Amino acid sequence: MQKRRTVPLGILRRFLAATMCSICITSLFLVHVHFYHPHTGHKFNDMFLTFHDPQSWIRELAPPRYSKVPIFPPKLKDSIGDSDYEKLWKPLSNNGFLPCTKPSSNYTAPAESRGYLSVHTNGGLNQMRTGICDMVAIARIINATLVIPDLDKSSFWQDTSNFSDIFDEEWFISSLANDVKIIKKLPKSRTKPTRIVKQFKSWSGMVYYENEIASMWDHFKVIRASKSDSRLANNNLPPDIQRLRCRACYEALRFSPRIEQMGKMLVERMRLFGPYIALHLRYEKDMLAFSGCTHDLSTAEAEELKIIRKGTNYWKRKDIDPLEERSKGFCPLTPKEVGIFLTALGYPSKTPIYIAAGEIYGGESHMTELRSRYPLLLSKEKLASIEELGPFTNHASQMAALDYIVSIESDVFVHSYPGNMARAVEGHRRFLGRGRTISPDRKALVRLFDNLANGTMTEGKTLSNKVIDLHKKRLGLLRKRKGAISGTKGAERLRSEESFYANPSPDCFCRTESTTQLDVM
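Just so it is clear, the structure is predicted and the values come from calculations on it, not from any experiment.

1. What about the nonpolar core?
- Core analysis: the biggest nonpolar cluster contains 81 residues, and L117, I142, L146, F172, F200 and Y209 have the highest contact counts within it.
- With ten residues, helix α5 (residues 125-141) is the single largest residue contributor to this core.
- A domain-level breakdown of this core finds at least three residues from each of domain 1 (83-91 + 257-483 + 496-502) and domain 2 (115-251).
- Those residues in contact with Y209 that lie beyond four places of it in its chain are I138, I141, I142, F200, K201, S204, A214, R231 and L232.
- Counting 42 residues, the second-largest nonpolar core is a separate cluster that includes A289, C331, I355 and V467.

Pasting the structure below:
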């Protein structure tokens, strides 16, 4: 009897052991599959961490239905120490202010249309985006039917994309139906007669559009705006017009579903590494040639940029002193300088950084020192396969839209130069209440970098304290938009105002009873 009981017990033990082993193997297999690339068969870790391969950055050049998930899911917050989280990653308080875009009780349905507003947008993706939103507001002011804008196809980026290739056209039309009538194309009866092409005056207010532009309806049925950028003033517009601009920019102007899907996928893959920085590294050939900035470039590179600048007819400034420009803080930070800056702020070398940029001038030769500090430099080309990026690769604005999405959703956004992309991301992150948006004080930083170069200062606690102190109020705080620079006049005064789309506050925010008025910082 004793022997008979022993045999089945041994079999049972062996069966249980085999079952447990099987479960372990299956679990390992599932984890392994989770990190496998669906098209290439390469593991994500192999793709991401092969840093000796040349990095192809592609060109810089806009939101998905951004998730309402907190910027820091619990797992991410738990993955770093409390002190580091507070110092480096914790989103700033909005002091009770919330996005508020609903029109006032006096807002009415669109008035009867007096004609058609046709628009030719100009510039890169983000310049076109803000221009489109301004044109929505202008169409409302002058009682026009807005025709879906034509995107710029002839500028530096040479992108053939149409509006519907980048944006969700049907959503754009339907979501603004209570504000402006929008149609896809001009009626055939209006394609030729009674039309005028007009370049609207920059930074214009209500009086200009209600009088000078609206009076054109007496003679024309189609007004064609030849440019769309900066055609509307930043300030002194009715509250309902300002809120309409925010509805257009942050709610109506969604990306096409395929761009949204791809952008969200890139964000998810970045999150595999934990909290991440999106770095808009504006160190591209066109930017350096335009600005005349040559710091850390070779003589041959500086000469190449000079030739490009002098050969570009629509760039007015030809003779530029690069040393003077840099001393005034007008130059983009170099990749090396960005590395020093992030180190001084306290971000550890293991921090994942998404490079939201075009092709870096000089390629890897100028990225070496940044990479030596932060090996986890990633990009859409590193995060996705050639097959996945294929539909977007030859369209600079669509590629820029992917960078925009990853930047909006990042835990920290840093730019090296406050161009159109940087301003648009900064404003959108403010509106959504996203994490930190760091704007480097380039003029002050140049002095510190020069002290490092001449040996009067070394990297360490002293430098770190200075950099942190300089940027306490440059972290994307919710604050009132800054007005014009004192002493400026005319167009220069309007130009010096803080961009509405870089900071849509206070126009597009409401506050609870417990909050106080926003201050300018």
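2. Observations regarding the sheet that holds strand β4 (residues 182-183)
- Read across the open sheet, the five strands follow the order β4-β3-β2-β6-β5; overall the sheet is parallel. Strand pairing shows two members of the sheet lacking a second neighbour, β4 and β5 (195-198), which therefore form its edges.
- Sheet analysis places strand β3 (residues 144-147) next to β4, joined by two bridges and oriented parallel. Residue pairing for β4: L146 is matched across the bridge by I182.

3. Thoughts on the packing of helix α18 (residues 396-408) against helix α19 (residues 420-432)
- The interhelical angle for the contact between α18 and α19, taken along N-to-C directions, is 40°, at an axis separation of 10 Å. Here α19 runs oblique to α18, going by the angle between their axes. Here α18 and α19 pass one another in a crossing that is right-handed. Of α19, the residues touching α18 (which contributes D403, Y404, S407 and I408) are M421, A424, V425, H428, R429 and L432.

4. Section: the state of the cysteines
- As enumerated under the stated definition, the model contains three disulfides in all.
- Here C100 pairs with C510 through a disulfide, and the sulfurs are 2.0 Å apart. Handedness here is read from the sign of the S-S torsion; for C100 and C510, about -55°, the answer is left-handed. Of this pair, C100 sits in the loop between β1 (97-99) and β2 (115-119) while C510 sits in strand β12 (residues 509-511), and the two are 410 residues apart along the sequence.
- Judged by its relative accessible area of 15%, C100 falls in the buried class.
- Disulfide pairing is shown between C293 and C331; the S-S distance is 2.0 Å.

5. Details of the packing of aromatic side chains
- The full count for this structure, using the stated rule, is eleven aromatic pairs.
- Through a chain of ring-to-ring contacts, the aromatic side chains of F163, F167, F172, F255 and Y404 assemble into a single cluster.
- Between the NZ or CZ atom of R140 and the centre of the ring of Y107, over which it lies, the distance is 4.0 Å.

6. With respect to the sheet that holds strand β8 (residues 353-355)
- One open sheet accounts for five strands, arranged β9-β8-β7-β10-β11; its pairing is parallel. The strands lining the two open edges of the sheet, one partner per strand, are β9 (377-378) and β11 (436-438).
- Where strand β7 (residues 277-280) lies against strand β10 (residues 412-415), four bridges are found, and the strand directions are parallel. When the sheet's bridge partners are listed, A278 is paired in β10 with F413.

7. Regarding the packing of α5 against α19
- Here α5 crosses α19 at 55°, and the two axes come no closer than 8 Å. One finds that α5 runs oblique with respect to α19. Crossing geometry of α5 relative to α19 is assigned as left-handed. Side by side, α5 and α19 meet where N126, Q127 and R129 of the first sit next to N420, M421, A424 and H428 of the second.
- When the residues that make up the contact of α5 with α19 are grouped by side-chain class, the tally is two nonpolar, four polar and one charged.

8. Structural notes on the pattern of salt bridges
- Applying the stated rule across the entire model yields 29 salt bridges.
- The shortest N-O distance in the salt bridge between E284 and R282 comes to 2.3 Å. Residues E284 and R282 agree in their burial class; the two are buried.
- Two residues, E492 and R495, come together in a salt bridge whose shortest N-O distance is 4.0 Å. Highlighted residues: E492 and R495, both in helix α22 (residues 490-496), separated by three residues, approximately one helical turn.
- On the basis of relative accessible area, E492 is assigned to the partly exposed category, the value being 45%.
- Connected through shared salt-bridge partners, E169, E170 and K184 make up one network.

9. A short note on the side chain of T437
- Within the secondary structure, T437 is located in strand β11.
- Assessed through its relative accessible area of 3%, T437 is described here as buried.
- In terms of polar contacts, T437 uses its side chain to reach the side chain of R429, at 2.8 Å.
- Setting aside residues no more than four positions away along its own chain, T437 makes contact with F413, E426, R429, R474, L475 and G476.

10. Re unusual backbone geometry
- Residue P506 is bonded to the preceding S505 through a cis peptide linkage, with omega at 10°.
- Even without a glycine there, the phi angle at N95 is positive, about 55°.
- Here N95 shows up in the loop between α4 (82-89) and β1.
- Of note, the phi angle at S230 is positive, near 50°, even though the residue is not glycine.
- If you trace the backbone, S230 turns up in the loop between β6 (222-225) and α9 (239-252).
- Residue class for S230 comes out partly exposed when judged on its relative accessible area of 29%.

Thresholds applied
- Residues numbered from 1 in each chain as written.
- Predicted model: local features only at pLDDT ≥ 70, side-chain atom pairs only at ≥ 80, totals over all residues.
- Heavy atoms only, no water.
- Core = buried A, V, L, I, M, F, W, Y, C linked by side-chain atoms within 4.5 Å.
- Buried < 20%, exposed > 50% of the residue type's maximum accessible area, 1.4 Å probe, protein only.
- Helix = DSSP H or I, 4+ residues; strand = E, 2+ residues; numbered from the N terminus.
- Domains from an automatic or database assignment.
- Contact = heavy atoms within 4.5 Å.
- Pairing = 2+ DSSP bridges.
- Axes fitted to C-alpha atoms, helices over the stretch in contact; angles between N-to-C directions.
- Parallel < 35°, antiparallel > 145°, perpendicular 65-115°, else oblique.
- Left-handed = near helix turned anticlockwise from the far one by under 90°.
- Disulfide = S-S within 2.5 Å.
- Phe/Tyr/Trp six-rings, centres within 6.5 Å; stacked < 30°, edge-to-face > 60°.
- Lys NZ or Arg CZ within 6 Å of the ring centre and 35° of its normal.
- Nonpolar A, V, L, I, M, F, W, Y, C, P; charged D, E, K, R; others polar.
- Salt bridge = Lys/Arg side-chain N within 4 Å of Asp/Glu carboxyl O.
- Polar contact = N/O pair within 3.5 Å; in protein donor to acceptor, adjacent residues only side chain to side chain.

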